[in-house]
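Okay, here's what each chain looks like letter by letter:
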Amino acid sequence: LYNETASTASNTNPLSEGAATALYSYDYDASDTGGLYDGTPTNISFGVGGHINTAAGFNGSSSAISIADGGIGNNATARVTLSISLWIKTTTTSASAIISEYDGSQYAFYLQTNTNGTLNIGNSFSGGGTFTSGSAVINDGNWHNLVLINNTSDNTQKLFIDASNTPDINHTLNTGTKNANPIQVGYYATTGGYVLDGSIDQLRLFQTALTEGQMDT
């Protein structure tokens, strides 16, 4: 995914393993290229310069994209294995949401920027909730590929940046059940603020744990 090019950008199943559920290229709108899980945009600037073609621009105050069901278990209460890949470009120094199904109580994942440009991931199930920050800085105005993986086979939640084989964050995936929540891109639905000031491109959702080789594709 890190080495994806314009020629493969519209392929909804780039790894040929059948586990990809949705692709949001954000060239013109918030639709799913596969036609199954369209998003609902609010105050998004489409057509801004992207990593591949164009991207979705978030204004830092009122932008939002909501995905009712991305095919990765966000509208269910059970824990599932999933992977999320996206490209982000930002210079923000505010704590800002990137992608989550955060509701402040029980949720499978959240990914956000910290004020110093590092990243933070977390999850909260009925068995407990925790979060962890990383060390890599991504608010340098360049495009970065982020891959978040929830793996129920070893109860881990990991964040990889720019196809590094070493996770920037190696976190625990807690046990139990969760609330059924929409996927929130660039904002948190239940809190004020935290709206991203930056751009997101090529959001891909998978119902499997990506391997190192797949992230390098």
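Residues numbered from 1 in each chain as written. Predicted model: local features only at pLDDT ≥ 70, side-chain atom pairs only at ≥ 80, totals over all residues. Heavy atoms only, no water.

Undergrad: Quick question: what am I supposed to make of the overall build of the protein here?
TA: Check the secondary structure of the protein and you find one helix and 15 strands. Against the compact-globule benchmark of 17 Å for 217 residues, the protein has a radius of gyration of 15 Å, which places it among compact chains. Looking at the protein as a whole, 51% of its 217 residues qualify as buried. Taking as baseline every contact in the protein between residues at least 6 positions apart, the subset at least 24 positions apart corresponds to 64%. When the accessible area of the protein is evaluated, it comes to approximately 8,200 Å², of which 45% is carbon and sulfur surface. (Helix = DSSP H or I, 4+ residues; strand = E, 2+ residues; numbered from the N terminus. Rg over C-alpha atoms; globule rule 2.2 N^0.38 Å. Buried < 20%, exposed > 50% of the residue type's maximum accessible area, 1.4 Å probe, protein only. Contact = heavy atoms within 4.5 Å. Areas by Shrake-Rupley, 256 points an atom, 1.4 Å probe, with all protein chains shown as cover.)

Undergrad: Where do I start with the pattern of salt bridges in this structure?
TA: Opposite charge on two side chains makes pairing possible when the charged atoms of those side chains draw close. If you walk through the whole model with that rule in mind, you get one salt bridge. Between Lys178 and Glu101 there is a salt bridge; the shortest N-O distance is 3.2 Å. Of this pair, Lys178 sits in the loop between strand E13 (169-172) and strand E14 (183-185) while Glu101 is found in the loop between strand E7 (96-100) and strand E8 (107-113), placing the two residues 77 residues apart along the sequence. Grouping residues by exposure puts Lys178 and Glu101 together as buried. (Salt bridge = Lys/Arg side-chain N within 4 Å of Asp/Glu carboxyl O.)

Undergrad: Sorry if this is basic, but what is going on with the environment of Ile72 here?
TA: Along the chain, Ile72 falls in the loop between strand E5 (64-67) and strand E6 (82-90). Between the alpha carbons of Ile72 and Leu82 there is a distance of 6.2 Å; along the sequence they are 10 residues apart.

Undergrad: Hey, could you run me through the nonpolar core in this one?
TA: Here is a general trend for soluble globular proteins: nonpolar side chains tend to be buried in one another's company. In terms of nonpolar packing, the biggest core is built from 35 residues, with Ile84, Ile99, Val185 and Leu203 touching the most fellow members. It is E6 that provides the largest number of residues to this core, a total of four residues. The residues touching Ile84, leaving out its near neighbours within four places in the chain, are Ile72, Ile99, Phe109, Leu146, Val147, Leu148, Leu203, Arg204 and Leu205. Grouped together as the second largest cluster of nonpolar side chains are eight residues, Leu1, Ala20, Leu210 and Met215 included. (Core = buried A, V, L, I, M, F, W, Y, C linked by side-chain atoms within 4.5 Å.)

Undergrad: I tried to follow unusual backbone geometry on my own but got confused; where do I start?
TA: Of all residues except glycine, most have a negative phi; of all peptide bonds, most are trans. One non-glycine residue, Asn43, adopts positive backbone phi at about 50 degrees. Looking at where Asn43 falls in the secondary structure, it is placed in the loop between strand E2 (40-42) and strand E3 (45-49). You will see that Asp162, though not glycine, has its phi angle at about 55 degrees, which is positive. Along the chain, the position of Asp162 falls in the loop between strand E12 (156-161) and E13. Among the residues examined, Asp162 registers a relative accessible area of 24% and is labelled partly exposed.

Undergrad: How do you make sense of the sheet that holds E14 when you look at a structure like this?
TA: Each strand in a sheet pairs with another by means of backbone hydrogen bonds, the pair being arranged parallel or else antiparallel. Pairing in this open sheet of seven strands is antiparallel, and the strands run E2-E5-E14-E7-E8-E9-E10 from one edge to the other. A strand with exactly one partner marks an edge of an open sheet, and here the two such strands are E2 and strand E10 (128-133). The mean inter-strand angle of the sheet, taken between neighbouring strand axes irrespective of direction, is 20 degrees. Of the pairings in the sheet, the one linking E7 to E14 comprises two bridges and is antiparallel in character. Paired with Ser100 across the two strands is Gln184, which belongs to E14. (Pairing = 2+ DSSP bridges. Axes fitted to C-alpha atoms, helices over the stretch in contact; angles between N-to-C directions.)

Undergrad: I keep staring at the layout of surface pockets and nothing clicks. Help me out?
TA: The method is simple in principle: a probe with the dimensions of a water molecule rolls over the atoms, and the space it marks as empty is what remains. Of the volumes computed, that of the largest pocket is approximately 180 Å³. In this structure, the largest pocket is lined by Ile149, Asn151, Asp154, Thr156, Lys158, Phe160, Asn165, Ala209, Leu210, Thr211, Glu212 and Met215. The biggest single contributor to the lining of the largest pocket is E12, with three residues. Broken down by class, the residue content of the lining of the largest pocket amounts to five nonpolar, four polar and three charged. (1 Å grid on protein atoms, 1.4 Å probe; cavity = no way out; pocket = protein on both sides within 12 Å on 5 of 7 lines; lining within 4 Å. Points joined across faces, edges and corners; volume = space filled by probe spheres on them. Nonpolar A, V, L, I, M, F, W, Y, C, P; charged D, E, K, R; others polar.)

Undergrad: What is the right way to read the pairing of E10 from this model?
TA: Each regular strand shows side chains that alternate between the opposite faces of the sheet. The pairing of strand E9 (residues 119-125) with E10 spans six bridges and is classified as antiparallel. Bridged to Gly122 within E10 is Phe131. A loop of two residues connects E9 with E10, the two strands running antiparallel in sequence.

Undergrad: Can you help me understand the side chain of Asp201 in this one?
TA: Within the secondary structure layout, Asp201 lies in strand E15 (residues 197-206). Side-chain polar atoms of Asp201 contact the backbone nitrogen of Ile52, separated by 2.9 Å. Contacts of Asp201, omitting those with residues within four sequence positions, involve Ser25, Tyr26, Gly50, His51, Ile52, Thr54, Ala55, Leu86, Trp87 and Trp143. (Polar contact = N/O pair within 3.5 Å; in protein donor to acceptor, adjacent residues only side chain to side chain.)

This is a description of form; function is not addressed.
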